[in-house]
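Analysis of the macromolecular model
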Amino acid sequence: IVIAAGVCALTERRSASPVFPRALFSRPAFVTCVAAGVVLSLATYGILFIESIYLQSVRHLSALATGGMIVPLTVLPTVTTRMIDRYRADMHVKPRLVTGQILGLAGATLMAVSVRVPATGIILLAFGLLGMALGYITPAMTTGVLTSSPAAMSGLASGILNAGRQVGGAIGVALMGTLVQMHHDRGMVVSFIVAVVLFGVIAAGAQRAIPR
């Protein structure tokens, strides 16, 4: 986001239609929703990467069993979104985003606990909480980005969000993978703590930056 803001300042001087227009990045709600997308991808892709390696290399699970452990992360986003749309369709973007961040924080915390207490139930619950977080955050951040942007810039706003998510995912895999490779169990704990902190920061930011 900081780099994008710098590019925005430079491109606005050279073009009437900059790639990173100040009209978008001067809006706290827009910046918060894009940051939520970056953090969500960084945490989920990074955790999925290192945890799948851990389950096979340390817990000695087969590829099939490892895939079964990850099912809550892949199924619950859809289930959660459908349940919200069915029973809480009037829920505003702000509480959805904050609730999702808190669920992600709880899931990452349990992942950290599972390194010291390697119980299958804890890992499954952690994946479940992360899956629910995806179900809350993904529609909320997309809606937040579009509603906080001018209609004429909706395509650009959506593109910035998607680009941010791709960058976040790449950073998450690289960062957490490096930490685990260099420090093993301690690296896993640090990786999960990074996710916990980032989820907490976005929850606090959403609470302050997004209006009701």
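Above: the structure in question.
Right, let's walk through the structure included here.

Conventions and cut-offs
Residues numbered from 1 in each chain as written. Predicted model: local features only at pLDDT ≥ 70, side-chain atom pairs only at ≥ 80, totals over all residues. Heavy atoms only, no water. Helix = DSSP H or I, 4+ residues; strand = E, 2+ residues; numbered from the N terminus. Buried < 20%, exposed > 50% of the residue type's maximum accessible area, 1.4 Å probe, protein only. Contact = heavy atoms within 4.5 Å. Core = buried A, V, L, I, M, F, W, Y, C linked by side-chain atoms within 4.5 Å. Phe/Tyr/Trp six-rings, centres within 6.5 Å; stacked < 30°, edge-to-face > 60°. Axes fitted to C-alpha atoms, helices over the stretch in contact; angles between N-to-C directions. Parallel < 35°, antiparallel > 145°, perpendicular 65-115°, else oblique. Left-handed = near helix turned anticlockwise from the far one by under 90°.

Let's talk about the side chain of Thr80
- Looking at where Thr80 falls in the secondary structure, it is placed in helix H4 (residues 63-87).
- On the accessibility criterion, Thr80 (8% relative accessible area) is buried.
- When neighbours within four sequence positions are excluded, Thr80 is seen to be in contact with Met132, Gly135 and Tyr136.

Thoughts on the nonpolar core
- Among the nonpolar cores identified, the biggest contains 55 residues, and Phe30, Ile47, Leu97, Met111, Phe192 and Phe199 are the most heavily contacted of them.
- Residue assignment for this core shows that the elements contributing at least two residues are helix H2 (22-25), helix H3 (28-57), H4, helix H5 (93-116), helix H6 (120-147), helix H7 (154-183) and helix H8 (185-209).
- With 14 residues, the single largest contributor to this core is H3.
- Discounting residues that sit within four places of it in the chain, Phe192 has contacts with Ile47, Ile50, Glu51, Ala108, Met111, Ala112 and Val115.

Looking at the packing of aromatic side chains
- All chains considered together, the criterion is met by one aromatic pair.
- An angle of 90° between the planes, with centres 5.5 Å apart, marks the rings of Phe25 and Phe30 as edge-to-face. Phe30 matches Phe25 in its accessibility class, with the two residues each being buried.

Examining the packing of H3 against H8
- Between H3 and H8, the least distance of the axes is 10 Å, while the angle of their chain directions is 160°. Here H3 is positioned roughly antiparallel relative to H8, judged by the angle of their axes. H8 is crossed by H3, and the crossing has left-handed handedness.

Just geometry here; none of it tells us what the structure is for.
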